[in-house]
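Secondary and tertiary structure notes
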Amino acid sequence: MSGVTIQAERQPRASRILGIGGYRPSRVVTNAEIIENIDSSDEWIRTRSGIESRRWANDDETVISMSVAAAQKALADAGVQPEQVDCVIVSTVTHLYQTPSAAAEIAHKLGTNRAAAFDISAACAGFCYGLSLASDMVRVGTAGHVVVIGVERLSDLTDKTDRSTAFLFADGAGAAVVGPAGGAAEAGIGPVVWGSDGQHLDHIKQKENWRDALYSETGPEMPHLVMQGNPVFRWASYEMAKVAQEALDAAGVTVDDLDVFVPHQANMRITDAMARQLKLPERVAIGRDIATQGNTSAASIPLAIERMLETGEAQSGDLALIIGFGAGLVYAGQVIRIP
């Protein structure tokens, strides 16, 4: 056996989010348009979800183009050049190519210097998953700067006649640039608390696999997303509040230290229930981007952060708790500093 020692990575360093960017499709879809295809009303949709309108992409607003636009904004916000990016991570369930990855094409279109690139499938927890991976890469030195993107075109997989889901899902992209912090005292990304519960994977899922959708008796069609609303509501409202508390504990902070709370924009009622469970102080700003954006899965958290910065609800340096949760069932949460 050789006595040669493999050189280890450098000692861990602190990481932080350097910039945030988003892309919102131009088409605004109102509840009035949604109820043309389902037995519902504007009041019912607002009461059940808090959604007033949502954004759906047109043919030119693809997973790739929306991601590139969001990432370019994040890079500009961070003051980081594309050639400084060492890795691109994309979380999506709506990139319709099994291979190559969306990330590889996006890395090229951004003008990176042959950055590492890969996609992950973690549904609505995907941005938090990607953020954790990026933070670890920066901390141990395998990457200097990482672009994390959450992007979806959920309108492609939405059954417009399904009363339980037709009003929920939307399209968009959000991105963050993760890089080194100035020192431990400036750390901007806390430890992740994440996990899965595959026993309940039927609560939110793609109804048909691609083979069945292509060879359907009625002809080829897009598969659709289905959801068991009540079980998902109970799980997200109460179990995820426990995970959120674990993320606070892991970061060594309390709810009284928080300035901002940004959960996955799944449903306004879930957000309110989580805030009550956590006993958030009234002064803590809460992301409620779902009202005019809809549920964009992996894109929802960075889009909500961007909106809060634009409106002044959040400020650079604020301490924020973020948590994503969705199909799998999967979840992830961490405490961050707003860039």
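Residues numbered from 1 in each chain as written. Predicted model: local features only at pLDDT ≥ 70, side-chain atom pairs only at ≥ 80, totals over all residues. Heavy atoms only, no water.

**What about the overall build of the protein?**
A count of helical and extended segments in the protein gives ten helices and 14 strands. Compactness check: the protein gives a C-alpha radius of gyration of 20 Å against a globular reference of 20 Å for 339 residues, within 12% of the reference. C-alpha atoms of the protein, sized along the principal axes, occupy 65 × 50 × 40 Å. Looking at the 339 residues of the protein, the share that counts as buried comes to 55%. In the protein, the proportion of contacts linking residues at least 24 apart, taken out of those at least 6 apart, comes to 77%. Averaging the coordinates of the 28 positive side-chain charges in the protein and doing the same for the 41 negative ones gives two points 2 Å apart. (Helix = DSSP H or I, 4+ residues; strand = E, 2+ residues; numbered from the N terminus. Rg over C-alpha atoms; globule rule 2.2 N^0.38 Å. Buried < 20%, exposed > 50% of the residue type's maximum accessible area, 1.4 Å probe, protein only. Contact = heavy atoms within 4.5 Å. Lys, Arg positive; Asp, Glu negative; His and termini not counted. Charge placed at Lys NZ, Arg CZ, Asp CG, Glu CD.)

**Observations regarding the pattern of salt bridges**
A full pass over the atoms with the stated rule returns eleven salt bridges. Note that Glu33 and Arg27 form a salt bridge whose closest N and O atoms lie 2.2 Å from each other. For Glu33, a relative accessible area of 27% translates into the label partly exposed. Judged by relative accessible area, Arg27 falls into the partly exposed class, the value being 36%. Among the salt bridges present, the one from Lys109 reaches Glu105, with a minimum N-O distance of 4.0 Å. Taken together, the residues span about one helical turn, with Lys109 and Glu105 both in helix α4 (residues 102-110) at a distance of four residues. Under the relative-accessibility criterion, Lys109 is labelled partly exposed at 47%. Accessibility expressed as a relative area gives 35% for Glu105, which makes it partly exposed. A single network of salt bridges, built from pairs that share partners, joins Arg24, Asp289 and Arg307. (Salt bridge = Lys/Arg side-chain N within 4 Å of Asp/Glu carboxyl O.)

**Quick look at the domain arrangement of the protein**
Annotation of the protein at the domain level lists domain 1 (15-186) and domain 2 (189-338). When each unit is reduced to the centre of its C-alpha atoms, the spacing between domain 1 and domain 2 is 13 Å. Contact with domain 1, which involves 53 residues of that partner, is made by 46 residues of domain 2. Buried surface at the junction of domain 1 and domain 2, summed over both partners, amounts to about 3900 Å²; 62% is from carbon and sulfur atoms. If you sort the residues of domain 1 by the area they bury against domain 2, Arg24, Cys124 and Leu157 come out on top, with a joint share of 19%. Connecting domain 1 to domain 2 are two salt bridges. For Glu306, the salt bridge is made with Lys73, and the minimal N-O distance between the two is 2.8 Å. (Domains from an automatic or database assignment. Buried area = accessible area lost by both parts, 1.4 Å probe.)

**Some points on the sheet that holds strand β14 (residues 330-337)**
As summarised here, the arrangement of the five strands in space is β8-β14-β13-β11-β12, forming an open sheet in which the pairing is mixed. Looking at strand neighbours, the two that pair on one side only are β8 (193-196) and β12 (285-286), the edges of this open sheet. Across two bridges, the pairing between strand β11 (residues 260-263) and β12 is parallel. Bridged to Phe261 within β12 is Ile286. Contacts from helix α5 (residues 126-140) reach β8, β13 (319-326) and β14 within the one sheet, and its direction differs from that of β14 by about 60 degrees. Docked against the sheet, helix α8 (residues 268-278) engages β11, β12 and β13, running at close to 135 degrees with respect to β11. (Pairing = 2+ DSSP bridges. Axes fitted to C-alpha atoms, helices over the stretch in contact; angles between N-to-C directions.)

**Quick notes on the sheet that holds strand β5 (residues 116-120)**
With mixed pairing, the five strands of this open sheet are ordered in space as β1-β7-β6-β4-β5. Each of the sheet's edge strands pairs with one partner strand only, and the pair in question is β1 (15-23) and β5. Averaged over all neighbouring strand pairs, the angle between strand axes comes to 15 degrees, with direction disregarded. The strands touched by helix α3 (residues 63-78) are β1, β6 (146-153) and β7 (171-180); relative to β1, the strand with the most contacts, the crossing angle is about 135 degrees. Relative to the sheet, helix α10 (residues 300-311) contacts β1 and β7, its axis offset from that of β1 by approximately 90 degrees.

**Re the packing of α3 against α4**
Geometrically, a packed helix pair is captured by the angle between its two axes and the distance between the axes. Relative to each other, α3 and α4 sit at 50 degrees, their axes nearing to 10 Å. One finds that α3 runs oblique with respect to α4. Regarding α3 and α4, the two cross each other, and that crossing is right-handed. Touching Val63, Ile64, Ser67, Val68, Ala71, Gln72 and Leu75 of α3 are Ala102, Glu105, Ile106, Lys109 and Leu110, all from α4. Along the lines of polarity and charge, the residues of the contact of α3 with α4 split into eight nonpolar, two polar and two charged. (Parallel < 35°, antiparallel > 145°, perpendicular 65-115°, else oblique. Left-handed = near helix turned anticlockwise from the far one by under 90°. Nonpolar A, V, L, I, M, F, W, Y, C, P; charged D, E, K, R; others polar.)

**Quick notes on α10**
If you check α10, its first and last C-alpha atoms are 16 Å apart, about what twelve residues at 1.5 Å a residue would give, namely 16 Å. Just past α10, the residue Gly312 takes up positive phi, approximately 85 degrees. (Expected span 1.5 Å × (residues − 1).)

**Some details on the side chain of Ser40**
In this fold, Ser40 is placed in the loop between α1 (31-34) and α2 (42-49). A relative accessible area of 19% means that Ser40 is categorised as buried. Not counting the four nearest positions on each side in its chain, Ser40 is found in contact with Ile35, Ile45 and Arg163.

**So, the UniProt feature "domain: Beta-ketoacyl-[acyl-carrier-protein] synthase III C-terminal" (unreviewed entry) in the protein**
Mapped onto the present numbering, the UniProt feature "domain: Beta-ketoacyl-[acyl-carrier-protein] synthase III C-terminal" (unreviewed entry) falls at residues 248-338. Taken as a whole, residues 248-338 contains 34% helix and 24% strand, while its terminal C-alpha atoms sit 16 Å from one another. (UniProt positions renumbered as here; feature names shortened; annotations may be inferred.)

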